[in-house]
Amino acid sequence: LKLQFLYFIGRMVSIEPCKGFWRDLGLRFESDKRTLMWVVIYHVLTIVVWKLWWDMGALLKVLSVAMCAFWSFLGATITHNAIHVPLFDNMYSNSFFQIALSHTYGWPVSALVPGHNLSHHKFTNTAKDAMRPQRMQYKWNLLNYLLFPIITASQIAASDKAYMMDQKDKNRPIWKQYLVEAVSFYSVQVLLAVYCPEKWFCVVFLPQLYAKYQIIAMNILQHDGCPPSHEDPVNNSRNFVGAFINYMTFNNGYHTIHHTNPGWHWSRLADAHNKLVAPKIHPNLDQENMLSYLFTAHIYPGKRLMYDGSEYVTPPPEKDESWYNGTSETYSDLAKGD
């Protein structure tokens, strides 16, 4: 088994094209070799940290947990891409990959579909968008960022449950896939927690909690102060166009073009953004550095603004509207995916 694992990894990092190998595996896009490698890196890193935990000093433990959290977050960005455009032609390969991703970012992957694909993407920044940032109305803008994931998660839980229960009643494939992911994920979490509570909490739970927290918090960075998509198809999203963040997160920084064409593979987004979005979008919505924007917008001076730099207009409080209409749609692959 060990030799087979080493052979598999060796083929992945080989400089040879390995076209026959990847074709047999069913991988759709050459660029997703790196996607698979990122997932492998997370799991190898986590295993190494787990194994060496008792031999580490306090500082090395903190740094190791931070590294695991960073790679788990990268797994969350991969999860986002995968629920829009599946990596494989083969249904079973996609199913196995989503199980692996569930153990990477710390949640059953299919559970992200209702709140993200079917609510946020279809009804961006409206009352039917479970992840709209305008629900946050604290005067101190840092609180809007820090509390957004907590408040949002509690708001979307009921709708997500209703969606999944309906899929169960209708015996749809996404329910079966969700069930496989959930049983696998929770079983491993319980086993690790029982086996060694401290290592589970520090090496697995905390990094994955950060990944889930940050992937939700990204939404307020990308959409706060922007109009709904139906009012402005260009200025509805904020982009982070730095080379490093987009290399590490597979072009998740190019958010406007992703909302316009959710079924496009991530490898197309940079060129498409430069050609189709950059000439039209307000310059404030193309930010070079996400951390710099985060600091300026939420810490110092920390003033909440509209996307064009004008005073933020606080909307009146609005109740969530139900977005679910019994749809069987799960992925965005065929939506504007040409």
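See the structure printed just above.
Residue indices begin from 1 for each chain and proceed along its sequence in written order. Reporting of local features is limited, given that this is a predicted model, to residues whose pLDDT is at least 70; pairs of side-chain atoms are given and counted only at 80 or more, and all residues count toward the totals for whole chains, interfaces and linings. Calculation of side-chain values draws on the structure's entire complement of heavy atoms; hydrogens and water are dropped beforehand.

Focus: the packing of helix H4 (residues 58-82) against helix H5 (residues 91-105)
Geometrically, a packed helix pair is captured by the angle between its two axes and the distance between the axes.
Then, in step 1: Axis geometry follows a simple rule: fit a line to the C-alpha atoms, using only the stretch in contact for helices, then measure angles between N-to-C directions, giving values from 0 to 180 degrees. Helix and strand definitions here come from DSSP, where helices need a minimum of 4 consecutive H or I residues and strands a minimum of 2 consecutive E residues; each element is numbered from the N-terminal end. Between H4 and H5, the least distance of the axes is 8 Å, while the angle of their chain directions is 145 degrees. Where H4 crosses over H5, the handedness of that crossing is left-handed. Residues Ser72, Gly75, Ala76, Ile78, Thr79 and Ala82 of H4 lie in contact with H5, whose contacting residues are Phe97, Leu101, Thr104 and Tyr105. Note on convention: near helix rotated counterclockwise from far helix by under a right angle means a left-handed crossing. Clockwise means right-handed. Whether two residues are in contact is decided by their heavy atoms: any pair within 4.5 Å suffices.

Describing the side chain of His223
Then, in step 1: Along the polypeptide, His223 turns up in helix H9 (residues 197-223).
Then, in step 2: Here the term buried applies to any residue with accessible area under 20% of the maximum for its type, exposed to any over 50%, and partly exposed to those in between, with areas from a 1.4 Å probe on protein chains only. The exposure class of His223 is buried, given its relative accessible area of 0%.
Then, in step 3: Polar contact is defined as a pair of N or O atoms within 3.5 Å, subject to the rule that within protein one atom must be able to donate a hydrogen and the other to accept it, and that residues adjacent in sequence are counted only when both atoms are side-chain atoms. At a separation of 3.2 Å, a polar atom in the side chain of His223 contacts the side chain of His120.
Then, in step 4: When near neighbours in sequence (up to four residues on either side) are disregarded, His223 contacts His120, Thr124, Asn125, Pro133, Asn236, Ser237, Arg238, His255 and His259.

Structural notes on the packing of helix H7 (residues 141-169) against helix H8 (residues 173-195)
Then, in step 1: Two elements in contact, H7 and H8, have axes whose closest approach is 7 Å; the angle formed by their N-to-C orientations is 115 degrees. The angle between H7 and H8 falls in the class roughly perpendicular. H7 and H8 meet at a crossing whose hand is left-handed. Contacts between H7 and H8 involve Tyr163, Met164, Met165, Gln167 and Lys168 from the former and Ile174, Trp175 and Tyr178 from the latter.
Then, in step 2: Ten residue types, Ala, Val, Leu, Ile, Met, Phe, Trp, Tyr, Cys and Pro, are classed as nonpolar, four, Asp, Glu, Lys and Arg, as charged, and the remainder, Gly among them, as polar. Across the contact of H7 with H8, the residue classes tally to 6 nonpolar, 1 polar and 1 charged. When describing relative orientation, an angle under 35 degrees is termed roughly parallel and one over 145 degrees roughly antiparallel, while 65 to 115 degrees is termed roughly perpendicular and anything else oblique.

Geometric descriptors of this kind do not, in isolation, establish any biological role.
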